[in-house]
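Descriptive structure summary
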Amino acid sequence: MKLIRTGSEWNPHWLSHLQQNHQIGFVPTMGALHQGHLDLVQASRSKMRVTVVSIFVNPTQFNNPDDFAKYPNTLEADLEKLESMGVDYVFLPSVETMYPSSSNLTLDFGDLERVLEGRFRPGHFNGVGIIVSKLFHLIKPHIAFFGQKDLQQVAVIKRLVNNLSFDLQLEIVPTRREEDGLAMSSRNMRLDGNERQKALLLFNCLSNAKKQLIEGQVWPLIKSGVEKVFEKEENARLEYFELVHPDTFEIIETFDPNQKSSICVAAYIGEVRLIDNLPIIL
Ligand code: AMP
């Protein structure tokens, strides 16, 4: 496994793989790797001749400086995991490499900016769009792998690839959960014992809501039920619980079994902001 820190270090490897007709898979991450990340790596390993994983905690996508400062860093363990999975290259750029000048380019993802993550994390998708564009330009993969866990990010990246004509495909990998249902996330490491228990509220509310929808209960009642559950909980604060179209992120008021839909949730458990989602109709 080779560690690469700049685009010019990567280019000769890229060229050599290109000349040998090797297909390159790319998995962008912010490190603190868990099995969810490793599922993406496995998807690339099983499909592609070459797998590149990047680890870069991107400052421009953090709208909350405290969240950035407290983002976990477990680089040594991450590299061991990637090595044991047979990853070919790990791209570990510095902030100076990724942001050589103080950039003032802004990407605006239109209606996606005004709902859910876009609304509650202003500037977040601008930072995601810029870093993912830079990484795509530097690595030049054939397929890039992303997790369904960040459903709205998937919609943003699809829009980015279409609008900016990136010559690559996207593959979306299902959400990996802990045994009790909590979606794996690097931020889970910041939860203490009580908070870890309370974090289950997200998945429990999602799965109860899905059951109720399928049984024919109306969405507004299901949603207000969840809001009441969170209101009663100490140390937990709901930001949103919405039924949306998973491609457009249009909010759905009336459930229609003939229309694609997913439920998305974001909530603070203590100081840690968690998100999750559950597909209802695919
Ligand atoms: P992050 O390091 O949080 O930026 O995540 C890197 C990639 O891993 C993104 O495409 C995420 O959607 C994906 N990912 C994070 N958590 C999970 C999970 N529990 N299951 C599947 N993919 C995930």
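A brief look at the structure comes next. Fair warning: this is a prediction, and the values are worked out from it, not measured in the lab.

1. Some details on the packing of aromatic side chains
Scanning the model with the defined rule gives eight aromatic pairs in all. Aromatic side chains phenylalanine 62 and phenylalanine 68 sit 5.2 Å apart centroid to centroid with 50° between the ring planes, which places their arrangement in the tilted category. In this structure phenylalanine 62 comes out as buried when scored by relative accessible area, which is 10%. Between the aromatic rings of phenylalanine 136 and phenylalanine 166, the centroid separation amounts to 5.4 Å while the plane-to-plane angle is 75°, which identifies the pairing as edge-to-face. One end of the pair, phenylalanine 136, is in helix H7 (residues 124-139); the other, phenylalanine 166, is in the loop between helix H8 (151-163) and strand E6 (169-173), and 30 residues separate them in sequence.

2. Examining the site of the ligand
Around the ligand, the structure places 16 residues, and the nearest of them are His37, Gly147, Asp150, Arg176 and Met184. Separating an oxygen atom of the ligand from a backbone N or O atom of glycine 147 is a distance of 2.9 Å. Arginine 176 has a polar backbone atom sitting 2.9 Å from a nitrogen atom of the ligand. Summarising the interface, the protein chains cover 93% of the accessible area of the ligand, which totals 480 Å² for the free molecule. Residue assignment for the shell around the ligand shows that the elements contributing at least two residues are strand E2 (24-29), helix H2 (35-47) and strand E5 (143-147). In terms of residue count, the dominant contributor to the shell around the ligand is H2 (three residues). In terms of residue class, the shell around the ligand is made up of seven nonpolar, six polar and three charged.

Analysis parameters
Residues numbered from 1 in each chain as written. Predicted model: local features only at pLDDT ≥ 70, side-chain atom pairs only at ≥ 80, totals over all residues. Heavy atoms only, no water. Phe/Tyr/Trp six-rings, centres within 6.5 Å; stacked < 30°, edge-to-face > 60°. Buried < 20%, exposed > 50% of the residue type's maximum accessible area, 1.4 Å probe, protein only. Helix = DSSP H or I, 4+ residues; strand = E, 2+ residues; numbered from the N terminus. Near = heavy atom within 4 Å. Polar contact = N/O pair within 3.5 Å; in protein donor to acceptor, adjacent residues only side chain to side chain. Areas by Shrake-Rupley, 256 points an atom, 1.4 Å probe, with all protein chains shown as cover. Nonpolar A, V, L, I, M, F, W, Y, C, P; charged D, E, K, R; others polar.

Note that every value here comes from positions in space, so none of it alone points to a role or purpose.
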